[in-house]
Amino acid sequence: MNCEDFESNINELAREQIIEASVHAQILAHREECEACARQLEDQRSLSFQLRALAREANSAKVPPMGNELLTALRSQQALKTRPARVAQGRSRAKVAGVVAGAMAVAAMVLIVIAMTVIRSRSVTPTAQSQRNSTSPKSLPPTEIANVKPTDVPAPAPIKNSERESRRTAGKNRRRNLNPIVEPVQSIAGVSSKDVTAKDTPTSVTPDSAAEITTDFMPVGYASATTLQDGGQLVRVELPRSALVAFGLPMNFNRYDEKVKADVFFSADGMARAIRFVQ
Amino acid sequence: MSANTDPSDSDLLQSMMAGDEAALAALYQRRARDIFRFALQMCGSRALADDVTQEVFMVLIREGHKFDAARGSINAFLMGVARNHVLRRLRRERFYVSMEEDSENDTATHVSRTSESPLDELSRTETIESVRKAVLALPERYREVVVLCDLQEMSYVEAAEILGCAVGTVRSRLHRARALLIEKMRPAQEEEAVDVKSARCFA
């Protein structure tokens, strides 16, 4: 055994650990041969002795008694273990309630959408509704329209226009594909545009209006007083009967393939502003 | 007979985790001593060792479910926790200066307590004190192997399990630690010898 081998085993020998007998014998033999290794072994043994003394002294030290903190911690830990189950129950209940609330909200939304759709499909423009309410042709059946007397209709303002202007407007309307434009009423064509204002909307102004039954003028789209200030032109047209429904008027479905006469009022800018149906 | 009837550490731990306070007390009585000694020898402060012992069992109560018997014994688990706490506290309190009042008081009580002759006892106490200081002066990695293998008389395997390293690492660290201890204690011994000589000459 050389010094290196001796040094690698010196700790076990000094600490009185179990060593193979042959190795132990070799170490002791080397100690006899090498003075430095013998001194080293002596130092190691001395150190082991001192460390043992220190260990003995540490063994005599009193271990602190178990504090109440540990018992409190154990109890609180147990309380925490039981709490998650309650929390989970509460969470599941809250989840169910959330799902129910969500379903109710979705149902409410669907109902609102359906209601909106129905209302929109039924309603025409709100002004047309008001017009209908004022003249009451809505409540009347188609046969009763014929019984409406011209005197029931508000008195029309006199409308005059030059013949040239009426021709020009008719041509303009044709170019704008106002279909079907049948023919301008001669008498209306002669109405002056200055006499037509937004306040006194034209109704039945034809000379032979006594023979015709008309509804009130119903606005077509948005028309303000400023757009009607420059006057306009009244044009007699024929429309499919379904146009009655579009304006909220009752329609006789037995005569669905027939056409209905109407007077369309065009403002100075050529836009259709009002309509009335004629029978 | 009684050893067979005593529940194992694992049984005690399971009972403790189920809320059995007696199991906690039994486990504390069985394992607190090693933990306290390890902490005391590692940091040299009784107050710190007390704290570490309590903290280790607090961890066991809170995180006892993390213990895996396949990875080692409960003693190794507890000592590993104690080691982590001690090292953390030592690093935290590195910047504080010890008053060393406790050690002086301990020395005084030991002297008065023993029945040996006062001179022998004083010499023994001084030797122990010098060894303790030398151990405490070691770097942490060497100190812990000395504490575990020499002071707590654990095997290399047990120490390796606690430290989480290879057995060879423990062996080499212990070899180096003991060499350092001899170096540290040699000047003190030589100084004592010089003092004695000068005293004789003076006389």
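Refer to the structure presented above.
Residues numbered from 1 in each chain as written. Chains lettered and ligands numbered in written order. Predicted model: local features only at pLDDT ≥ 70, side-chain atom pairs only at ≥ 80, totals over all residues. Heavy atoms only, no water.

**Student:** Can you lay out the overall build of chain B for me, pointing to particular residues and giving the numbers?
**Tutor:** Across its full length, chain B holds 10 helices and 0 strands. Helices and strands in chain B line up, N terminus first, as α-α-α-α-α-α-α-α-α-α. For chain B, buried positions account for 42% of its 203 residues. For chain B, long-range pairs separated by at least 24 residues make up 63% of all intrachain contacts whose partners lie at least 6 apart in sequence. A total of about 11500 Å² of accessible surface is found on chain B, and carbon and sulfur atoms cover 51% of it. (Helix = DSSP H or I, 4+ residues; strand = E, 2+ residues; numbered from the N terminus. Buried < 20%, exposed > 50% of the residue type's maximum accessible area, 1.4 Å probe, protein only. Contact = heavy atoms within 4.5 Å. Areas by Shrake-Rupley, 256 points an atom, 1.4 Å probe, with all protein chains shown as cover.)

**Student:** Provide a residue-level description of the interface of chain B and chain A, including the pertinent values.
**Tutor:** Interfaces are often sized by the accessible area lost when the parts come together. Facing the 44 residues of chain B at the interface are 38 residues of chain A. With both sides pooled, the region where chain B packs onto chain A buries about 3700 Å², and carbon together with sulfur makes up 58% of that total. Contact with chain A buries area across many residues of chain B, yet B:E21, B:H175 and B:R178 alone supply 17% of it, more than any other trio. In this structure, the connection of chain B to chain A is made through 4 salt bridges. Viewed at the interface, chain A and chain B are joined by 16 residue pairs in polar contact (both at pLDDT 80 or more). Looking at the side of chain B that touches chain A, the elements with two or more residues in it are α2 (9-17), α3 (21-43), α4 (46-63), α7 (118-137), α8 (140-151) and α10 (167-202) of chain B. (Buried area = accessible area lost by both parts, 1.4 Å probe. Salt bridge = Lys/Arg side-chain N within 4 Å of Asp/Glu carboxyl O. Polar contact = N/O pair within 3.5 Å; in protein donor to acceptor, adjacent residues only side chain to side chain.)

**Student:** Lay out the packing of helix α3 (residues 35-59) of chain A against α3(B) in plain terms, naming residues and giving numbers.
**Tutor:** α3(B) packs onto α3(A) with a crossing angle of 125° between their chain directions and a minimal axis gap of 10 Å. Here α3(A) is positioned oblique relative to α3(B), judged by the angle of their axes. In this structure, the crossing between α3(A) and α3(B) has a hand that is right-handed. Of α3(B), the residues touching α3(A) (which contributes A:A55, A:A58 and A:N59) are B:R33, B:R37 and B:Q41. Here the residues of the contact of α3(A) with α3(B) are counted per class, giving 2 nonpolar, 2 polar and 2 charged. (Axes fitted to C-alpha atoms, helices over the stretch in contact; angles between N-to-C directions. Parallel < 35°, antiparallel > 145°, perpendicular 65-115°, else oblique. Left-handed = near helix turned anticlockwise from the far one by under 90°. Nonpolar A, V, L, I, M, F, W, Y, C, P; charged D, E, K, R; others polar.)

**Student:** Residues and numbers for the pattern of salt bridges, please.
**Tutor:** Inspection of every chain in the model, using the stated rule, returns 21 salt bridges over all chains. Between B:D34 and B:R37 there is a salt bridge whose closest N-O contact spans 3.8 Å. Here B:R37 and B:D34 lie together in helix α3, a separation of 3 residues that amounts to about one turn. This pair shows no difference in class: B:D34 is buried, exactly as B:R37 is. The structure contains a network of salt bridges with shared partners spanning A:R15, B:D150 and B:R178.

**Student:** How would you sum up helix α9 (residues 156-163) of chain B? Please name residues and give values.
**Tutor:** All names here are of chain B. Among all positions of α9, only Y156, A159, A160, I162 and L163 are buried. Within α9, the buried residues cover an arc of 165° as seen down the axis, which keeps them to one side. Immediately beyond the C-terminal end of α9, within one or two residues, lies G164, with a positive phi of roughly 70°. (Arc of directions from axis to C-beta.)

**Student:** Tell me about the packing of aromatic side chains, and please be specific about residues and values.
**Tutor:** Considering all chains together, one arrives at 3 aromatic pairs over all chains under this definition. Pairing A:F247 with A:F277 gives two aromatic rings, centres 5.8 Å apart and planes at 65°, and the pair type is edge-to-face. Of the two residues, A:F247 sits in the loop between α10 (242-246) and β4 (259-267) while A:F277 sits in strand β5 (residues 272-278), which places them 30 residues apart along the sequence. Assessed through its relative accessible area of 15%, A:F247 is described here as buried. Ring centres of B:F67 and B:F77 lie 5.5 Å apart, and the angle between their planes is 65°; on these two criteria the pair is classed as edge-to-face. (Phe/Tyr/Trp six-rings, centres within 6.5 Å; stacked < 30°, edge-to-face > 60°.)

**Student:** Would you mind going over unusual backbone geometry in detail, with residue names and values included?
**Tutor:** Non-glycine residue A:E16 carries a positive phi angle of around 60°. Within the fold, A:E16 resides in the loop between α1 (3-14) and α2 (21-33). In this structure A:E16 comes out as exposed when scored by relative accessible area, which is 61%. Residues other than glycine seldom take positive phi values, yet B:E153 does so here, at roughly 55°. Within the element layout of this structure, B:E153 appears in the loop between α8 and α9.

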